[in-house]
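Single-letter residue listing:
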Amino acid sequence: MSALVPELLVRAHGRRLKLPVVANQAARFAEEAATAGHGPLEFLAALLSAEVAGRDANVERSRIAAARFPEQKELSEFDFAAQGSLNAPLVAELARGAYLGRRETVLAVGPPGTGKTHIATALGLAACRMGRRVRFVTVAGLVTELAEAQAEHRLSKLEAALDRLDLLICDELGFVRLDPDQSQLLFTLLAHRYTRGALIVTSNLEFADWTTVFAGDERLTAALLDRLTHRCHLLEFRGSSYRFRQSLAAREGGHGGAPGDVTAS
Ligand code: ADP
Ligand code: MG
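Here is what the cut-offs are and how they apply
Residues numbered from 1 in each chain as written. Chains lettered and ligands numbered in written order. Predicted model: local features only at pLDDT ≥ 70, side-chain atom pairs only at ≥ 80, totals over all residues. Heavy atoms only, no water. Helix = DSSP H or I, 4+ residues; strand = E, 2+ residues; numbered from the N terminus. Expected span 1.5 Å × (residues − 1). Contact = heavy atoms within 4.5 Å. Phe/Tyr/Trp six-rings, centres within 6.5 Å; stacked < 30°, edge-to-face > 60°. Buried < 20%, exposed > 50% of the residue type's maximum accessible area, 1.4 Å probe, protein only. Axes fitted to C-alpha atoms, helices over the stretch in contact; angles between N-to-C directions. Parallel < 35°, antiparallel > 145°, perpendicular 65-115°, else oblique. Nonpolar A, V, L, I, M, F, W, Y, C, P; charged D, E, K, R; others polar. Pairing = 2+ DSSP bridges. Domains from an automatic or database assignment. Buried area = accessible area lost by both parts, 1.4 Å probe. Salt bridge = Lys/Arg side-chain N within 4 Å of Asp/Glu carboxyl O. Polar contact = N/O pair within 3.5 Å; in protein donor to acceptor, adjacent residues only side chain to side chain. Near = heavy atom within 4 Å. 1 Å grid on protein atoms, 1.4 Å probe; cavity = no way out; pocket = protein on both sides within 12 Å on 5 of 7 lines; lining within 4 Å. Sits in = over half its atoms within 2 Å of the grid points. Core = buried A, V, L, I, M, F, W, Y, C linked by side-chain atoms within 4.5 Å.

Student: Sorry, what's going on with helix α7 (residues 139-151) here?
Tutor: Across its 13 residues, α7 extends 18 Å between first and last C-alpha, which sits within 8% of the 18 Å expected from 1.5 Å per residue. For α7, the secondary structure elements touched by its buried residues are β2 (134-138), α8 (155-163), β3 (167-173) and α9 (180-196). Of the residues flanking the end of α7, it is His153, one or two places downstream, whose phi is positive at about 55 degrees.

Rendered as structure tokens:
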């Protein structure tokens, strides 16, 4: 039997079994095994390990795509020195993901440009890599999605889909004021969410100003804050915009003016 026949058979069977690494790389792995003097079991172990690694990477990629992050921002890219008021050990602890299983809430509050979306995204990515289902939404986008679902009589379907998430990230609470109907939709969702799974909310508002988001409804706002702050981790961001400080430092001669230096002054 020529060497080509088993190779073609492996390729055909590999395809049929949906094992792309086996289908396309078995011959290469066999050659490498022969060169290294490895036996058939070692060859098979190496081949299947590569197949499994490839599949894990695909699952992770599709989980990250499904989360719909606006940008892929990593924790490693965050300059903690420039955001000195942020509780860095708490961020590191959250990145390890124990809060997900405990269905806890993270509130990230602070002025625009201080890194709330960056940190929320990085925590979301970390959760995806731990095999968790994550969805990133802006509050404006979520409210639109909820209102559309309600108009089309499929609100409970959307809510069920959101319930299946391990982590929901609601970015930018406070950027848009909601009318009473929108307030009620968002309130219902968030109040329910905190019993169902982990939640990250970012906001540029102080808690005292949250009523302005919920159509001035103080009772509703108080009820929501009561729930969200019940088992919550607070991440406080302070100072001025990171980007703004960076461009300011660059304009002032660019002598290594790290953003952290500017805050310190
Ligand atoms: P926020 O959501 O608080 O308005 P962002 O997270 O969108 O702010 O930050 C604005 C931009 O500045 C982003 O590109 C972000 O990556 C960057 N940025 C903010 N703070 C930091 C930081 N401490 N280190 C690195 N990049 C930062
Ligand atoms: Mg933001």
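After that view, the rundown keeps rolling.
Student: What should I look at first to understand the packing of aromatic side chains in this one?
Tutor: Scanning the model with the defined rule gives three aromatic pairs in all. A ring pair is formed by Phe78 and Phe80, whose centres lie 5.0 Å apart and whose planes are at 70 degrees; its orientation type is edge-to-face. Classification of Phe78 by relative accessible area gives buried; the value is 12%. Between Phe207 and Trp210 the ring centres are 5.4 Å apart and the planes differ by 70 degrees, which places this aromatic pair in the edge-to-face class. Here Phe207 falls in the partly exposed class, since its relative accessible area comes to 30%. A relative accessible area of 1% means that Trp210 is categorised as buried.

Student: Looking at this structure, how should I read the packing of helix α4 (residues 88-95) against helix α6 (residues 116-129)?
Tutor: Packed helices, taken two at a time, are described by the angle between their axes plus the distance between the axes. One can describe the packing of α4 onto α6 by two numbers: an axis separation of 9 Å at closest approach and a directional angle of 30 degrees. Judged by the inter-axis angle, α4 sits roughly parallel to α6. Where α4 approaches α6, its residues Val91, Leu94 and Ala95 are matched on the opposing element by Ile119, Leu123 and Ala126. Residue classes in the contact of α4 with α6 are distributed as six nonpolar, no polar and no charged.

Student: I tried to follow the sheet that holds β2 on my own but got confused; where do I start?
Tutor: Sheet strands pair by backbone hydrogen bonding; their relative direction is either parallel or antiparallel. With respect to topology, five strands assemble into an open sheet ordered β2-β3-β4-β1-β5, the strand pairing being parallel. On the outer flanks of this sheet lie β2 and β5 (232-236), each paired with one strand and no other. Averaged over all adjacent pairs, the angle separating strand axes in this sheet is 15 degrees, with direction ignored. Strand direction decides the pairing type here: strand β1 (residues 105-109) and strand β4 (residues 198-203), joined by five bridges, are parallel. Each bridged residue has a counterpart across the sheet, and for Val106 the counterpart in β4 is Ile200.

Student: Is there a simple way to think about the domain arrangement of the protein chain in this case?
Tutor: By the assigned domains, the protein chain splits into domain 1 (4-66) and domain 2 (69-252). In this structure, domain 1 and domain 2 have C-alpha centres spaced 41 Å apart. Contact residues are listed per partner, giving four residues for domain 1 and nine residues for domain 2. Summing the contributions of domain 1 and of domain 2, the shared interface buries around 530 Å²; its carbon and sulfur component is 57%. Counting across the domain 1 and domain 2 interface gives one salt bridge. The salt bridge partner of Glu60 is Arg129, with a shortest N-O separation of 3.5 Å. Our enumeration of links across domain 1 and domain 2 arrives at two residue pairs in polar contact (both at pLDDT 80 or more). Among the residues forming the side of domain 1 that touches domain 2, the class breakdown is two nonpolar, no polar and two charged.

Student: Sorry, what's going on with the side chain of Arg135 here?
Tutor: Topologically, Arg135 is positioned in strand β2. In terms of polar contacts, Arg135 uses its side chain to reach the side chain of Glu145, at 3.1 Å. In this view, Arg135 contacts Ala66, Ala67, Arg68, Glu145, Leu162, Leu165, Leu167, Leu168 and Ile169; residues no more than four positions away in its chain are not counted.

Student: For this particular structure, what's the right way to read the site of ligand 1?
Tutor: By nearness alone, 14 residues border ligand 1, and Gly113, Lys116, Thr117, His118 and Arg243 come closest of all. Within the backbone of Gly115, an N or O atom sits 3.1 Å from an oxygen atom of ligand 1. Because more than half of its atoms lie within 2 Å of the grid, ligand 1 is assigned to the largest pocket. For the shell around ligand 1, the secondary structure elements donating two or more residues are α6 and α11 (242-251). It is α6 that provides the largest number of residues to the shell around ligand 1, a total of three residues.

Student: Looking at this structure, how should I read the nonpolar core?
Tutor: In summary, soluble globular proteins display a tendency toward joint burial of nonpolar side chains. Among the nonpolar cores identified, the biggest contains 32 residues, and Leu142, Leu168, Cys170, Leu173, Leu186 and Trp210 are the most heavily contacted of them. At the level of secondary structure, the elements contributing two or more residues to this core comprise α7, α8, β3, α9, β4 and α10 (218-228). Examining the composition of this core, we find that seven residues originate from one element, α9, more than from any other. The residues contacting Leu168, other than those within four sequence positions of it, are Arg135, Val137, Leu162, Leu189, Arg193, Ala198, Leu199 and Ile200. The next biggest cluster of nonpolar side chains, apart from the first, holds 27 residues, and it includes Ala67, Ala95, Leu125 and Cys128.

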